[in-house]
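Take a look at the letters that make up each chain.
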Amino acid sequence: MSADFYLRSVETQRPKEILRCSSTLICTSEKKSMAPDSVSPFKPRHVHFVSSIPLASTEDVFHHLTTTFPTQILRIPDGETGKRNGFVAWQKGIFEGSNIRIKSHTPADKEPRIPSSSTPSTTLSPSYDTFALDSYKIFCRLRDQGIIPHGIRFQVSLPTPVNVICCVVHPEDQVRAEPLYEAALLSSLRRIQDTIPHHDLAIQLDLAIEFALLEFSQLDTQPEWKPPFITDPWFAPLKEGLIERILRVAGYVDEDVEMGFHLCYGDAGHMHFIQPKDTKLLVEIANRISDGVRVDREINWIHMPVPIERTDEEYFAPLKDLRLRGETELALGLAHAKDKEGTEKRIEVARRFVNEFAVAT
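Since the structure is predicted, the reported quantities are computational estimates derived from the model, not experimental observations. (Residues numbered from 1 in each chain as written. Predicted model: local features only at pLDDT ≥ 70, side-chain atom pairs only at ≥ 80, totals over all residues. Heavy atoms only, no water.)

### Description of the side chain of H48
Here is step 1 of the chain: Topologically, H48 is positioned in strand 3 (residues 43-48).
Here is step 2 of the chain: On the basis of relative accessible area, H48 is assigned to the buried category, the value being 3%.
Here is step 3 of the chain: Those residues in contact with H48 that sit more than four places away from it in its chain are R75, Q155, Q204, W301, H303, A331, V359, A360 and T361. (Helix = DSSP H or I, 4+ residues; strand = E, 2+ residues; numbered from the N terminus. Buried < 20%, exposed > 50% of the residue type's maximum accessible area, 1.4 Å probe, protein only. Contact = heavy atoms within 4.5 Å.)

### Digging into the nonpolar core
Here is step 1 of the chain: Residues I203, F261, L263, M304 and L332 are the most contacted members of the largest nonpolar core, which totals 94 residues.
Here is step 2 of the chain: Apart from the residues within four sequence positions on either side, I203 is in contact with V156, L158, L189, I192, V253, V257, E258, M259, G260 and W301. (Core = buried A, V, L, I, M, F, W, Y, C linked by side-chain atoms within 4.5 Å.)

### Digging into the side chain of D339
Here is step 1 of the chain: The topology assignment puts D339 in the loop between strand 9 (329-333) and helix 10 (340-350).
Here is step 2 of the chain: Relative accessible area serves as the criterion here: at 18%, D339 is assigned to the buried category.

### Considering the state of the cysteines
Here is step 1 of the chain: Enumeration over the complete set of coordinates arrives at zero disulfides.
Here is step 2 of the chain: For the unlinked cysteine C167, the closest cysteine sulfur is that of C166, found at 5.5 Å. (Disulfide = S-S within 2.5 Å.)

### Thoughts on the pairing of strand 9
Here is step 1 of the chain: For strand 9, a buried count of five out of five residues is recorded, marking the element as mostly surrounded by other parts of the structure.
Here is step 2 of the chain: Here strand 9 shows two buried faces, one formed by E329, A331 and G333 and the other by L330 and L332.
Here is step 3 of the chain: Pairing between strand 8 (residues 301-305) and strand 9: five bridges, direction parallel. Following the sheet pairing, M304 is matched in strand 9 by L332.
Here is step 4 of the chain: For strand 9 and strand 10 (residues 356-360), the ladder comprises two bridges, and the chain directions are parallel. (Pairing = 2+ DSSP bridges.)

### Here we look at unusual backbone geometry
The phi torsion of most residues other than glycine is negative, and most of the peptide bonds are trans.
Here is step 1 of the chain: The omega angle of the peptide bond from A236 to P237 is -5°, so this bond is cis rather than trans.
Here is step 2 of the chain: As for its placement among the helices and strands, P237 is situated in the loop between helix 6 (209-217) and helix 7 (238-250).
Here is step 3 of the chain: For E80, which is not a glycine, the phi torsion comes out positive at approximately 50°.
Here is step 4 of the chain: Structurally, the position occupied by E80 is in the loop between strand 4 (75-77) and helix 3 (128-144).
Here is step 5 of the chain: Unusually for a residue other than glycine, H105 sits at a positive phi of about 55°.
Here is step 6 of the chain: Structurally, H105 is set in the loop between strand 4 and helix 3.
Here is step 7 of the chain: On the basis of relative accessibility, which here comes to 36%, the residue H105 falls in the partly exposed class.

### Some thoughts on the packing of aromatic side chains
Here is step 1 of the chain: Counting across every chain of the model gives 13 aromatic pairs.
Here is step 2 of the chain: With 5.8 Å between their ring centres and 20° between their planes, Y136 and F139 make a pair best called stacked. Linking Y136 with F139, this pair stays in helix 3, spanning three residues, or about one helical turn. This pair shows no difference in class: Y136 is buried, exactly as F139 is.
Here is step 3 of the chain: Where F139 meets F154, the ring centres are 5.7 Å apart and the plane angle is 50°; that geometry is what we call tilted. With F139 in helix 3 and F154 in strand 5 (residues 153-159), this residue pair connects regions lying 15 residues apart in the sequence. Judged on exposure class, the residue F139 and its partner F154 are both buried.
Here is step 4 of the chain: Put simply, the rings of F62, Y136, F139 and F154 pair up and form one aromatic cluster.
Here is step 5 of the chain: Taking NZ or CZ as reference, R245 lies 3.7 Å from the ring centre of F235, over its face. (Phe/Tyr/Trp six-rings, centres within 6.5 Å; stacked < 30°, edge-to-face > 60°. Lys NZ or Arg CZ within 6 Å of the ring centre and 35° of its normal.)

### Remarks on the pattern of salt bridges
Here is step 1 of the chain: Under the counting rule described, the total for this entry stands at 25 salt bridges.
Here is step 2 of the chain: A salt bridge links R141 to E59, with the shortest nitrogen-to-oxygen separation between them at 2.8 Å. Linking R141 in helix 3 with E59 in helix 2 (residues 58-68), this pair joins segments that are 82 residues apart in sequence.
Here is step 3 of the chain: For R141, a relative accessible area of 34% puts it in the partly exposed group.
Here is step 4 of the chain: Exposure remark for E59: the relative accessible area of 27% places this residue in the partly exposed category.
Here is step 5 of the chain: The partner of E182 in a salt bridge is R248, and the shortest N-O contact between them spans 2.8 Å. Of this pair, E182 sits in helix 5 (residues 174-195) while R248 sits in helix 7; the two residues are 66 residues apart in sequence, bridging distant segments of the chain. (Salt bridge = Lys/Arg side-chain N within 4 Å of Asp/Glu carboxyl O.)

### Notes on the packing of helix 7 against helix 8 (residues 280-292)
Here is step 1 of the chain: Axis separation between helix 7 and helix 8 bottoms out at 10 Å; the angle between their running directions is 50°. Considering their axes alone, helix 7 and helix 8 lie oblique with respect to each other. Regarding helix 7 and helix 8, the two cross each other, and that crossing is right-handed. Here K239, E240, I243, I246 and L247 of helix 7 come into contact with helix 8, specifically with E284, I285, R288, I289 and G292.
Here is step 2 of the chain: Each residue belonging to the contact of helix 7 with helix 8 can be placed in one class, and the counts come to five nonpolar, one polar and four charged. (Axes fitted to C-alpha atoms, helices over the stretch in contact; angles between N-to-C directions. Parallel < 35°, antiparallel > 145°, perpendicular 65-115°, else oblique. Left-handed = near helix turned anticlockwise from the far one by under 90°. Nonpolar A, V, L, I, M, F, W, Y, C, P; charged D, E, K, R; others polar.)

Printed below as a string of structure tokens:
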């Protein structure tokens, strides 16, 4: 059960006063007067879905989200259904036939490379464009049928190359594979932008492994176990190298296409790869992105995760140091499945440090 089902339950399970502001939905139990020393009234923004939706098909995702949130969403992803539901794991297949070694996540990864007598392919095809264009056809059909309201954009979520190289490629080939994969991903992005009208399109860049690399690099002692997809970085300095790579890919999103960033700590088995101490690192990277993207290129949203157990002020306090641009909407991953009470508490605590934000998964 994903968090979007929680958001629906907030609307239907109890009598609520529904507050709408700028096509936004958030719910409270009843109107309450604000005490002089309390926080100001919540100014809700939009409902934002980052990417994956646990439904059977893209058409199911479009139907569910637009009928459940007809006025609360600005963008709609295709749900990354089918083989794409494991984030970037499905990208292993694009390296078949190449001379780039991929990880097996078994002891065999420590063995020498097995020589191949076949002629390696030099072409990589990430296929994000193929899936996006197929989903966009469904998007257009449902919009023509009146199911998807006009004005909602089709959201395409793309991982930065670091995510694929770190998770999929064997360490001995990561340096060589990175520029090849980046060029292939940018080619997919170019085809998406050349085919889908820009007024219909939004691009979200997914940053997950970036935070895994940064968090583990800051530990005084490395744990005995960490997720097998995390390997030592192949470049230095780490933080500067990551920011450079993020901004480089962002520079290829056309300026009249909406663009946002999904800052992520993973969700395998509904668990983060490491529990963030607070939002300090998220805020730092968000500020670096905000400062680094060229000034004539809008950043339309930045999403940050909120762990299910964090209802304490310490987690949210660094948000007061956010330096987002005026056009940038902050989306907080406050909604967790089967945790309506906790979600309302996380919203309450977040309000103490930021006045406006979208409620997100």
